[in-house]
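Chain residues, written in single-letter form:
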Amino acid sequence: MKQKIVAAGMLVAGLLLMAASIDPGLPKGYWHKPAATAGSPPARWSELEANLHPEACGQCHEAQFDAWKDSLHAHAYSPGMIGQFPAMGYQKANGCLACHAPLAEQAFPDDKSMRHSMKPGLEHDSGFDREADIDRATLPLRHAGVTCAACHVRGWQRFGPPPKGGSATGHLDAPAHGGFVATRAFEQSGFCASCHQFPQSKSINGKPLENTLTEWKNSSFGEKGITCQQCHMPGRRHEFRGIHDPEMVRKGLDIALLRQADGARLRMTSKWIGHAFPTYVTPEVIVRAEALNAAGKVLQNWQWEVGREVAYDRGWKELRDTRLMPGEKRDFTASPLPAATARVHYRITVVPDKFYQGVYRRLLSADMTSQARAHIKRAARRAAKGDYLLFDGFITI
């Protein structure tokens, strides 16, 4: 049953703002093996206040929960990752959880707990109750992925940005949770770096496998202070949209079809993307062109790939990097055209999980436990459904 705990005074309107004059920032080590708890919760707290599951947070933070539940953060404890755990052992698995379920309370204490997590992952499509029903049996917290508590709770203390429309920072008194600590760190790009910026030690061809914060810093977005949150959490919505979302990608690109003397071209401009497009090694963007005669027969075709391709062969290697940097314009030219060409058809397809699709195919060709195979099959099906047509247009010759 979903509850509204009005009596507990957990409404934003009930805040009594008693702010320190100096922004305290995040406590030291906020993202180093983060722990939401430290001993027992305060004795005066209700059972709901002490509950770290997202269903509990959703009782009062309904809008945030409803946006988060369809995000990739909510599904970061994914079947493609779970299916690889038996071959890893719990310690290496915990290395994955450092970003996919980062709280110390979400880590595996031993191999037994890791093995026992396989079955419930197959029995539930989500690692939490989508209706925020706290009366239903809940899965272990790790199944909820990057939860509310992963970003907002340390040592039972709640942290967050200053209240909307205000600038108050420091400890803000409130009836629930003993108040919270407000800091502008939640509105800065560096907040996302723990998972979205790999260290230089994990570089391939001089660039970390994920280099998003550095790409942002080197862009005009970084110079102007346009943060990750402004694009991926507009209005503080907890959707965290990215490459999997066609609307988000279309907003970030300007695409134009142009005629030229000996052919046609599609011009792609990265106009509202504050990092490389795409930023990570997993997606691929495919641009295709077809020269057609008046009857619609294909006379010639062209294809270009936009992405960063890496492969492992006794060490990671970068095979190519054709990504667009922020503000970059690139032409994809179909030329020369066959004499009978009447028009050129351009399509742009986004394959958000291209790298993972290959990983899953390789895994399924190897030996693995039945439960692990079931997880990887589920992951492969989901990855295949993620492809989408971003652009489809013709230019008359």
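The notes below deal with the structure included here. Residue positions are counted from 1 within each chain, in the order its sequence is given. Per-residue local features of the predicted model are confined to residues with pLDDT of at least 70, and side-chain atom pairs are confined, for both listing and counting, to 80 or more; whole-chain, interface and lining totals are unaffected and use all residues. Neither water nor hydrogens contribute to the side-chain values; these are computed over all heavy atoms in the structure.

As for the side chain of Glu-49
The test is simple: Helix and strand labels come from DSSP, where a helix needs a run of H or I of at least four residues and a strand needs a run of E of at least two; each type is numbered from the N terminus. Here's how the labels work: a residue is buried when its accessible area is under 20% of the maximum for its type, exposed when over 50%, partly exposed in between, all with a 1.4 Å probe on protein chains only. By the counting rule applied here, Lys and Arg register as positive and Asp and Glu as negative, while His and the ends of each chain are not counted. The working definition used for a salt bridge is a side-chain nitrogen of Lys or Arg within 4 Å of a carboxyl oxygen of Asp or Glu. In protein, a polar contact requires one atom able to donate a hydrogen and another able to accept it; more generally it is a pair of N or O atoms within 3.5 Å, and residues adjacent in sequence count only if both atoms are side-chain atoms.
Tracing the chain through its elements places Glu-49 in the segment before helix 1 (54-57). No salt bridge is formed by the buried Glu-49. Its closest oppositely charged neighbour is Arg-44, at 7.0 Å. There is a polar contact of 2.9 Å between the side chain of Glu-49 and the backbone nitrogen of Ser-46.

A few points about helix 14 (residues 354-364)
Going by this rule: By definition in these notes, contact holds between two residues if any of their heavy atoms fall within 4.5 Å.
If you check which residues of helix 14 are buried, you get Gln-357, Gly-358, Val-359 and Tyr-360. Residues of helix 14 that are buried sit in contact with helix 3 (79-82), strand 14 (343-351) and helix 15 (370-385).

A short note on a positive patch on the surface
For clarity, the threshold we go by: What goes into a patch is any residue over 30% in relative accessible area without a salt bridge, connected to like charges within 9 Å or, for nonpolar side chains (Val, Leu, Ile, Met, Phe, Trp, Tyr), within 5 Å. Working definition of accessibility: Shrake-Rupley area with a 1.4 Å probe, residue cover restricted to the visible protein chains. Taken as the charge location is NZ of Lys, CZ of Arg, CG of Asp or CD of Glu.
Together, Lys-377, Arg-381, Arg-382 and Lys-385 line one region of the surface with positive charge. Note on placement: Arg-382 falls in helix 15.

Observations concerning empty space enclosed by the protein
Inclusion rule: Using a 1 Å grid laid over the protein atoms alone, points where a 1.4 Å probe fits but cannot get out form a cavity; open sets with protein on both sides within 12 Å along at least 5 of 7 lines form a pocket; any residue with an atom within 4 Å of a point counts as lining. Grid points are joined across faces, edges and corners, and a volume is the space filled by probe spheres set on the points. For this classification, Asp, Glu, Lys and Arg are treated as charged, while Ala, Val, Leu, Ile, Met, Phe, Trp, Tyr, Cys and Pro are nonpolar and the rest, including Gly, are polar.
Summed over all chains, the structure comprises 1 cavity of 30 Å³ or more. Taken together, 16 residues line the largest cavity, and the ones lying closest to its centre are Tyr-77, His-124, Asp-125, Ser-126 and Gly-127. Counting residues per element, the ones that place at least two in the lining of the largest cavity are helix 3, helix 7 (118-123) and helix 15. In terms of residues, the lining of the largest cavity owes the most to one element, helix 15, which gives 3 residues. Here the residues of the lining of the largest cavity sort into 6 nonpolar, 7 polar and 3 charged.

What about the nonpolar core?
Generally speaking, a soluble globular protein has its nonpolar side chains buried in company with each other. How we decide: We call a set of buried Ala, Val, Leu, Ile, Met, Phe, Trp, Tyr and Cys residues a nonpolar core when their side-chain atoms join them within 4.5 Å.
Ranked by size, the top nonpolar core spans 26 residues in total, and within it Met-268, Phe-277, Val-344, Tyr-346 and Ile-348 carry the most contacts. Only strand 8 (263-270), strand 9 (284-292), strand 10 (298-306), strand 13 (329-334), strand 14 and strand 15 (388-396) provide two or more residues apiece to this core. Sequence-distant contacts of Met-268, that is, excluding residues within four places in its chain, are made with Leu-253, Asp-254, Phe-277, Val-287, Leu-324, Glu-328, Lys-329, Arg-330, Phe-332 and Ile-348. Counting residues in each nonpolar core, the second largest holds 12 residues, with Leu-52, Leu-103, Val-146 and Val-153 among its members.

Concerning the sheet that holds strand 2 (residues 157-160)
Short version of the rule: By the convention used here, strands pair only if DSSP detects at least 2 bridges between them.
Read across the sheet, 4 strands follow the order 1-2-4-3 without closing on themselves; strand pairing throughout is mixed. Of all strands in the sheet, those bounded by a partner on one side alone are strand 1 (153-154) and strand 3 (170-172). Sheet analysis places strand 3 next to strand 4 (residues 180-182), joined by 3 bridges and oriented antiparallel. Across the sheet, residue Gly-170 finds its bridge partner in strand 4, namely Ala-182.

Brief notes about unusual backbone geometry
Here the residue pair Phe-277 and Pro-278 is connected by a cis peptide bond, since its omega of -10° sits within 30 degrees of zero. In this structure, Pro-278 sits in the loop between strand 8 and strand 9. A cis amide bond links Ser-335 with the next residue in sequence, Pro-336, at an omega value of -10°. One can find Pro-336 in the loop between strand 13 and strand 14. A positive phi is found at Trp-156, a non-glycine position, where the angle reads about 75°. Secondary-structure assignment places Trp-156 in the loop between strand 1 and strand 2. Since its relative accessible area comes to 10%, Trp-156 is described here as buried. Positioned with a positive phi, Arg-314 is a non-glycine residue whose angle comes to about 55°. Residue position: Arg-314 is located in the loop between strand 11 (308-312) and strand 12 (316-321). Using a relative accessible area of 78% as the deciding quantity, one classes Arg-314 as exposed.

Things to note about the layout of surface pockets
In this structure, the second largest pocket spans a volume of roughly 300 Å³. Lining the second largest pocket are 14 residues, and of these Lys-33, Pro-34, Asn-94, Ala-98 and Pro-102 sit closest to its centre. Looking at which element gives the most residues to the lining of the second largest pocket, the answer is helix 5 (residues 90-100), with 4 residues. Residues belonging to the lining of the second largest pocket are distributed by class as follows: 10 nonpolar, 3 polar and 1 charged.

Considering the packing of aromatic side chains
For clarity, the threshold we go by: Ring geometry is summarised as follows: Phe, Tyr and Trp rings, the Trp one being its six-membered ring, pair when their centres sit within 6.5 Å, and such pairs are stacked at plane angles under 30 degrees, edge-to-face over 60 and tilted between the two. Definition used: whenever NZ (Lys) or CZ (Arg) falls within 6 Å of the ring centre and also within 35 degrees of the ring normal, the charge is taken to sit over that ring.
For the structure shown, the criterion picks out 19 aromatic pairs. For the ring pair Phe-65 and Phe-128, a centre distance of 6.1 Å and an interplane angle of 85° mean the geometry is edge-to-face. In this pair, Phe-65 is assigned in helix 2 (residues 62-68) and Phe-128 in the loop between helix 7 and helix 8 (148-152), connecting sequence segments 63 residues apart. Assessed through its relative accessible area of 2%, Phe-65 is described here as buried. Its relative accessible area of 7% is what places Phe-128 among the buried residues. Between Trp-68 and Phe-128, the aromatic rings sit 4.7 Å apart at their centres with planes inclined by 45°, giving tilted as the arrangement. One end of the pair, Trp-68, is in helix 2; the other, Phe-128, is in the loop between helix 7 and helix 8, with 60 residues separating them in the sequence. Ring pairs connect the aromatic residues Tyr-30, Trp-31, Phe-159, Phe-186 and Phe-191, which therefore count as one cluster. The ring of Phe-198 is capped by Lys-202, whose NZ or CZ atom sits 5.7 Å from the centre of that ring. Taking the ring centre of Phe-394 as reference, the NZ or CZ of Arg-343 above it sits at 4.3 Å.

The values reported here are purely geometric and, on their own, carry no functional implication.
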